[in-house]
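Results of the structural survey
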Amino acid sequence: MRPNALFSGKSLPEYEQAISEAGAVVADAVASANHPATPRPPAHLRSVVRQVDLDRPLGELSSALEESRDLFLEHAVWFHDARYQAHLNCPVATAAIAADVIASSVNTSVDTWDQSLAATHIETHLLEWLAGRLGLGDLADGVFTSGGTASNLQALLLAREHSTADGTPLDALRILTSPEAHFSVTKAARTLGLAADAVVHCPTDERGRLRPDGVESAIDDAEKAGLTVMAVSATAGTTDRGAVDPLAALAQITHGRGLWLHVDAAVGGALVTSSRHSSLLDGIGGADSVTVDFHKTWYQPVAASALLVRDRRMFAHSRTNADYLNPEHARVPNLVDKSLATSRRFDALKPWITLRTHGADAIGSWLDASLDLAQEAHTIAEAMPDLKVFERPSTHMLLFRFTAVDLEQRDDVNDAIRETLFMEGRTVIARTRWGGETWLKLTLLNPMADAADLRATFDDVVRTGHLLAGDLSAEVSA
């Protein structure tokens, strides 16, 4: 074995050099990147990567880092770039990157006490603090997961087990949610062995929010059919429109009916730090479970999500004990008792160090700036005659489309606009389908962006739309 290849007290000079060299490669790549992306076709990148012979090591870290720059960093998507406006990827706090270095170096696994010690209490204290901010009460508890999909899955697992304690069969269970809810709700229902029609979409209002009267009607319909509503799954920040369901009204309904309320606040959970928009989460304290993604609106590196529950005793529904790991009567706190995962990174250190460096108010100010940017984007786009805006943003997202083309060509042109801009690399936006039509989408999470960046994006959209429309007209004429 090569001397000092493994991290230890004997390899600290090599460790410091490795961290320094890796940081320098990233810094150089970021400094030279002048667009959010420099995309290449999938076949090209596949070919380049597959040329690497993993049985022939380069022998030096510096050589491997340079190769990784050519293979990865030269083709990375840079979420810190102000012209990246596509998905729920945020620029990350530098403090959180430092925390990631620490967590990776120590390699703590927070599944059992004897592997984590103080890390167990840091994660627990952080989530107790968050539960307090959300108003979940004194019995609240939580656990970190790999992402919103995993958090939603575990929340609905707890709801399923809670609902079937009396012997209710799985095929009688129903989940009531919005048609705009994240697809992971349907994915969870399938994973949990529920019926194919277990997810019931309830009506929404003109802003895409669940209508409480529609939820009540769906509960009545389920009861009349002899079915059991195992959960109402609300959303605080839908993926396309950023809508926040009326959480207080839904909490009142579910409490009155003795039903489980889950709130998927993967997107909107950070509103709890906002000085101007926290009221959007009014009523979230009445939820039985809440999903919060730190790697979205808390400006943390992937992955860092959490599931919080109002009653910590509910975690017993997903607990399994092993004598060699977490015996049933252990006298120490083993976080694996609450987690679906066993080995698990110490991801809580990222938001912990960010909060200890900057504080929650700073995160809230970054978030407020992003929400302000979405409102400014609406104003700019609405004034452009070749663009149609779907609605004023509820939070971070703006839907719009290029309309200076015949109606029957609009979907094709808008699809092509997004793809063309991505391949050019200087503007990255998203697209979705709404009302049977293709819409372009901005997801604005970068507080460093400004109105000039927005105008440049919309100008690129209009310019590209006209070019593509002209190409289509030429094809028709030919």
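Residues numbered from 1 in each chain as written. Predicted model: local features only at pLDDT ≥ 70, side-chain atom pairs only at ≥ 80, totals over all residues. Heavy atoms only, no water.

Digging into the packing of aromatic side chains
All chains considered together, the criterion is met by nine aromatic pairs. A ring pair is formed by Phe7 and Tyr15, whose centres lie 4.7 Å apart and whose planes are at 40 degrees; its orientation type is tilted. The exposure class assigned to Phe7 is partly exposed, which follows from its relative accessible area of 45%. Taking the centre distance of 5.2 Å and the plane angle of 85 degrees together, the rings of Phe400 and Phe458 count as edge-to-face. In this pair, Phe400 sits in strand S9 (residues 397-402) while Phe458 sits in helix H15 (residues 451-477), placing the two residues 58 residues apart along the sequence. No difference in accessibility class separates Phe400 from Phe458, as the two residues are buried. The rings of Trp129, Phe144, Phe294 and Trp298 are connected pair by pair, giving a single aromatic cluster. When the ring centre of Trp439 is taken as reference, the NZ or CZ atom of Arg401 above it lies at 5.4 Å. Across the ring face of Phe422, the terminal group of Arg418 is positioned such that the distance to the ring centre comes to 5.5 Å. (Phe/Tyr/Trp six-rings, centres within 6.5 Å; stacked < 30°, edge-to-face > 60°. Buried < 20%, exposed > 50% of the residue type's maximum accessible area, 1.4 Å probe, protein only. Helix = DSSP H or I, 4+ residues; strand = E, 2+ residues; numbered from the N terminus. Lys NZ or Arg CZ within 6 Å of the ring centre and 35° of its normal.)

Topic: the pairing of strand S10 (residues 430-434)
As paired strands, S10 and strand S11 (residues 437-443) are joined by five bridges and run antiparallel to one another. When the sheet's bridge partners are listed, Arg433 is paired in S11 with Thr438. (Pairing = 2+ DSSP bridges.)

Comments concerning the nonpolar core
Membership of the largest hydrophobic core comes to 63 residues, with the highest contact counts inside it found for Leu134, Val263 and Val290. Sorting elements by how many residues they give to this core places helix H6 (residues 118-134) first, with seven residues. With residues up to four places along the chain from it excluded, the contact list for Val263 reads Ala234, Ala236, Leu247, Ile284, Ala287, Ser289, Val290 and Thr291. Residues Leu373, Phe400, Ala451 and Val461 belong to the second largest nonpolar core, which totals 28 residues. (Core = buried A, V, L, I, M, F, W, Y, C linked by side-chain atoms within 4.5 Å. Contact = heavy atoms within 4.5 Å.)

A look at the sheet that holds strand S5 (residues 261-265)
One open sheet holds the seven strands; their spatial order is S1-S7-S6-S5-S4-S2-S3, and the pairing between them is mixed. Sheet topology places strand S1 (141-145) and strand S3 (199-201) at the edges, where each strand pairs with a single neighbour. Each strand of the sheet is rotated relative to its neighbour by a mean of 20 degrees, with strand direction disregarded. Two strands pair when backbone bridges link them, and strand S2 (residues 173-177) and S3 are joined in this way by three bridges, in the parallel orientation. Paired with Ile175 across the strands is Val199, a residue of S3. (Axes fitted to C-alpha atoms, helices over the stretch in contact; angles between N-to-C directions.)

So, the pattern of salt bridges
Tallied over the entire structure, the rule returns 33 salt bridges. Across the pair Lys441 and Asp240 runs a salt bridge whose closest N-O atoms are separated by 3.1 Å. Taken as a pair, Lys441 in strand S11 and Asp240 in the loop between strand S4 (228-235) and helix H10 (247-257) lie far apart in primary sequence, 201 residues in all. Asp240 shares its class with Lys441; the two are buried. Close ionic contact of Arg241 with Glu391 constitutes a salt bridge, the shortest N to O distance being 2.7 Å. Residue Arg241 is located in the loop between S4 and H10, and its partner Glu391 is located in the loop between strand S8 (387-389) and S9; the two are separated by 150 residues in the primary sequence. For Arg241, a relative accessible area of 4% translates into the label buried. For Glu391, a relative accessible area of 15% gives the class buried. One salt-bridge network, held together by shared partners, links Arg83, Glu424, Arg426, Asp460 and Arg463. (Salt bridge = Lys/Arg side-chain N within 4 Å of Asp/Glu carboxyl O.)

Examining the side chain of Thr254
Structurally, Thr254 can be placed in helix H10. Judged by relative accessible area, which is 1%, Thr254 ranks as buried. Every residue in contact with Thr254, bar those within four places of it in the chain, is listed here: Val232, Leu259, Trp260 and Leu261.

Focus: the sheet that holds S8
With respect to topology, four strands assemble into an open sheet ordered S8-S9-S11-S10, the strand pairing being antiparallel. Since the sheet does not close on itself, it has two edges, and those belong to S8 and S10, each with one partner. Across the sheet, the mean angle separating the axes of adjacent strands is 40 degrees when strand polarity is ignored. This element, helix H13 (residues 360-382), spans S8, S9 and S11 of the sheet and lies at about 140 degrees to S8.

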